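Each chain is listed here by its residues.
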Amino acid sequence: MVLNSPRGTSDILGVDIKYRDFIINSSRELFRLFNYSEIITPAFEHTEIFDRGIGENTDIVRKEMYTFTDKKGRSLTLRPEGTASVVRAIIEHKLYLEKFALKLFYIGNMFRYERPQKGRMREFWQIGVEAAGVSEPLIDAEVIWLLSSIFERLGFKNLKLLINSVGCLECRNEYIKVFKSNIKPRIESLCPDCRTRYEKNPLRIFDCKVQECMSVISGSPKIYNYICSACKEHILKVCSLLELLQINYVIKEELVRGFDYYTRTIFEIISEELQSVQNALGGGGRYDNLISQFGGPQIPSIGFAIGIDRTALLMKQLNIRYAESEFSPSVLVILLSGQYQSFALKIMQLFREQNITCDISYEIKAIGSQIKAAEKNGYSHITVIGEDELETGLLTVKDLKNFAQFKFDWKNEKYKISDIFRSNNK
Ligand code: HAM
């Protein structure tokens, strides 16, 4: 029997859960401030949702989807991203009849059959947002503001926000003609995949990681310089609003992102501090035609997603600490002998009634090793129970952070115990 998790997946436990909780809780707090509501969609959808949503010629759809046939012969796919599913839900539940802007967020696991490496998994977690119903640049700036606020709250300092415009369908088609004729003389240098892309979906050549393809496109015209005046006006307004919010950004003309649904504004947030790790922490963009392409009304929308695993990895590597949301002591109750079990049980009842996390050392072992175990398992405090404690009812609590200690009378100070912990928290 194979006892390791499948390639590209991992168990999340221990300190990683703390990072993950911190990332999720900080984002949730901002979603509340920005007025986003949660949506939970299934982890798999009918395959055509992604084929049509993401685009048949994208790398995700061509190479990276976990697609399977169920027992009734239906083709289903584990979601590789959240946008197509949210759009499907907006149309299915006619959410567009409710209010505009419709602001939704989601937290979920995504699946892509990619070559695993540090920061790139086959199952990974995203926090994403989608804001539907507004075509104004105002919401682009607000969505990007939310993205950068999340990373600011997490404690990141030197991230780079990249922005570009991929234009609307009209100006993009004009650009594609220019781009194709520009690289035509070098078509033989492209990899077989990109030669197909050249015919079917030339913009996707920008996603290729093959060195020859990258050098073919490096000198080619960039879409930013070919967008129409309305699209230009849109992106310039987004930029001026970001400046108003004092959010630093860089226009990156080569940025195209690997999804067909984008129109106009696209953006990515990257870290340049660690080359060894996949450096895009989050990305997104506008998708003004996706809802109508799925058969719904014409509803301009914009969103982004951030990678939880990659963000946690980078936080650890950059020594960014997660902050505990509030003071929440946890006590290990250590017994000097098995005969104090009943007394210890009463103490634990008191702690738990007063919202103090606690557990008991079930085995009787040397105090030193018990304290070590308490530290290793993240307890903030210990209390030792022996003959004196039983007789006097006075318990001594040791703070493992700074080895300070305080006493309390478990019978007479019953209802003040949380306050006693709080006032002794240094
Ligand atoms: P994406 O750029 O493909 O966009 O993914 C967003 C983030 O998910 C990435 O920046 C990265 O942090 C994380 N991520 C992606 N693939 C992996 C992987 N294999 N392993 C670990 N982390 C990964 C989207 O998914 C779009 N749906 C975003 C969006 C929402 N656009 C509009 N609305």
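Below you will find a few notes about this structure. Residue numbers here run from 1 along each chain, matching the order of that chain's written sequence. Totals for whole chains, interfaces and linings use all residues, but because this is a predicted model, local features are given only for residues with pLDDT of at least 70 and pairs of side-chain atoms are given and counted only at 80 or more. Each side-chain value is derived from all of the structure's non-hydrogen atoms; neither hydrogens nor water enter the calculation.

Remarks on the overall build of the protein chain
Here is step 1: Assigned secondary structure in the protein chain consists of 15 helices and 16 strands.
Here is step 2: Considering only C-alpha atoms, the protein chain reaches an extent of 90 × 55 × 45 Å along its principal axes.
Here is step 3: Note on exposure labels: buried denotes an accessible area under 20% of the residue type's maximum, exposed denotes more than 50%, and partly exposed covers the range between, all computed with a 1.4 Å probe on protein chains only. Each of the 426 residues in the protein chain was classed as buried or not, and the buried ones make up 52%.
Here is step 4: The contact rule is simple, with two residues in contact once any of their heavy atoms fall within 4.5 Å. Long-range pairs, those at least 24 residues apart, make up 71% of the contacts in the protein chain between residues at least 6 apart in sequence.
Here is step 5: Throughout, the Shrake-Rupley method with a 1.4 Å probe supplies accessible areas, and for residues the shown protein chains are the sole cover considered. About 21,500 Å² of surface is accessible on the protein chain, with carbon and sulfur atoms providing 50% of the total.
Here is step 6: Counted as positive: Lys and Arg. Counted as negative: Asp and Glu, with His and the chain ends omitted from the count. To locate a charge, take NZ of a lysine, CZ of an arginine, CG of an aspartate or CD of a glutamate. Here the protein chain carries 57 positive and 53 negative side-chain charges, and the mean point of each set is 2 Å from the other. Secondary structure elements are taken from DSSP: a helix is a run of H or I of four residues or more, a strand is a run of E of two residues or more, and numbering for both begins at the N terminus.

Focus on the sheet that holds strand 15 (residues 394-399)
Here is step 1: Spatial ordering of the open sheet is given by 13-12-14-15-16, a layout of five strands whose pairing is mixed. Strands at the two margins of the open sheet, each flanked by one partner only, are strand 13 (357-360) and strand 16 (405-409). Geometrically, the sheet is characterised by an average inter-axis angle of 25° between neighbouring strands, direction not taken into account.
Here is step 2: Lines are fitted to the C-alpha atoms to define the axes, a helix being fitted only along its stretch in contact, and any angle between axes, read from their N-to-C directions, falls within 0 to 180 degrees. In the packing of helix 13 (residues 367-376) onto the sheet, contacts are made with strand 12 (330-335) and strand 14 (381-385), and the angle to strand 12 comes to roughly 160°. Strand pairing requires that DSSP identify at least two bridges connecting the strands.

Some thoughts on the pairing of strand 13
Here is step 1: By the alternation rule, side chains of strand 13 split into Cys358 and Ile360, which are all buried, and Thr357 and Asp359, of which none is buried.
Here is step 2: For strand 12 and strand 13, the ladder comprises four bridges, and the chain directions are parallel. Bridge pairing in strand 13 places valine 333 opposite isoleucine 360.
Here is step 3: Note on handedness: a crossover is taken as right-handed if, strands pointing away from the viewer, the path from the first strand over the helix to the second is clockwise. As for the winding sense of the linkage, the β-α-β connection from strand 12 through helix 12 (residues 341-353) to strand 13 is right-handed.

Quick notes on the nonpolar core
Here is step 1: Nine residue types can take part in a nonpolar core, namely buried Ala, Val, Leu, Ile, Met, Phe, Trp, Tyr and Cys, and a core is a set of them joined through side-chain atoms within 4.5 Å. With 104 residues, the main nonpolar core has Tyr36, Ile90, Leu146, Phe267 and Phe304 as its most contacted residues.
Here is step 2: If one sorts the elements of this core by residue count, helix 5 (residues 137-154) sits on top with nine residues.
Here is step 3: Residues within four places of leucine 146 in sequence aside, it is in contact with Leu30, Phe31, Phe34, Tyr36, Val129 and Phe304.
Here is step 4: Counting residues in each nonpolar core, the second largest holds 22 residues, with Phe343, Leu350, Ile356 and Ile385 among its members.

Some words on the sheet that holds strand 3 (residues 66-69)
Here is step 1: Strands sit in the order 2-4-3 across an open sheet of three strands; the sheet is antiparallel. Looking at the sheet topology across the chains shown, the edges are occupied by strand 2 (44-46) and strand 3. Here the average twist between neighbouring strands, direction ignored, is 30°.
Here is step 2: Pairing between strand 2 and strand 4 (residues 75-78): three bridges, direction antiparallel. Each bridged residue has a counterpart across the sheet, and for phenylalanine 44 the counterpart in strand 4 is leucine 78.

Brief notes about the site of the ligand
Here is step 1: Nearness here has a simple test: a residue counts as near a molecule or strand if at least one of its heavy atoms is within 4 Å of that partner. Residues in close proximity to the ligand total 27 residues, the closest being Glu81, Glu114, Met121, Glu130 and Tyr262.
Here is step 2: Any pair of N or O atoms that falls within 3.5 Å is considered a polar contact. Within protein, one atom must be able to donate a hydrogen and the other to accept it, and sequence-neighbouring residues count only if both atoms are side-chain atoms. Residue tyrosine 262 places a side-chain N or O atom 2.7 Å away from a nitrogen atom belonging to the ligand.
Here is step 3: The separation between a nitrogen atom of the ligand and a polar main-chain atom of phenylalanine 304 is 3.4 Å.
Here is step 4: Elements supplying a minimum of two residues to the shell around the ligand: strand 6 (123-132), strand 10 (280-286) and strand 11 (301-307).
Here is step 5: Broken down by element, the shell around the ligand gets its largest block of residues, six residues, from strand 10.
Here is step 6: Of the residues that constitute the shell around the ligand, the class distribution is eleven nonpolar, nine polar and seven charged. Charged residues are taken to be Asp, Glu, Lys and Arg, nonpolar residues to be Ala, Val, Leu, Ile, Met, Phe, Trp, Tyr, Cys and Pro, and polar residues to be all remaining types, Gly included.

Looking at a nonpolar patch on the surface
Here is step 1: Patches here: salt-bridge-free residues with over 30% relative accessible area, like charges joined within 9 Å, nonpolar side chains (Val, Leu, Ile, Met, Phe, Trp, Tyr) joined within 5 Å. Here, a salt bridge means any side-chain nitrogen of Lys or Arg that lies within 4 Å of a carboxyl oxygen of Asp or Glu. Where nonpolar side chains cluster on the molecular surface, the patch consists of Ile12, Leu13 and Ile17 and spans about 240 Å² of accessible area.
Here is step 2: Along the chain, the position of isoleucine 17 falls in helix 1 (residues 15-34).
Here is step 3: Judged by relative accessible area, isoleucine 17 falls into the partly exposed class, the value being 33%.

Observations regarding empty space enclosed by the protein
Here is step 1: Here a cavity is any set of points on a 1 Å grid over the protein atoms alone where a 1.4 Å probe fits but cannot get out, and a pocket is any open set with protein on both sides within 12 Å along at least 5 of 7 lines; a residue lines the site when it has an atom within 4 Å of a point. Grid points are joined across faces, edges and corners, and a volume is the space filled by probe spheres set on the points. Counting across every chain of the model gives one cavity of 30 Å³ or more.
Here is step 2: Approximately 30 Å³ is the volume found for the largest cavity.
Here is step 3: In terms of lining residues, the largest cavity is bounded by Ser10, Ile12, Met121, Glu123, Trp125 and Asp309.
Here is step 4: Grouping the amino acids of the lining of the largest cavity by side-chain chemistry returns three nonpolar, one polar and two charged.

Re the side chain of glutamate 45
Here is step 1: Mapped onto the secondary structure, glutamate 45 falls in strand 2.
Here is step 2: A residue is classified by how much of its surface remains accessible, and glutamate 45, at 5% relative accessible area, is buried.
Here is step 3: Not counting residues within four places of it along the chain, the set of residues in contact with glutamate 45 comprises Phe50, Ser75, Leu76, Thr77, Ser85 and Arg88.

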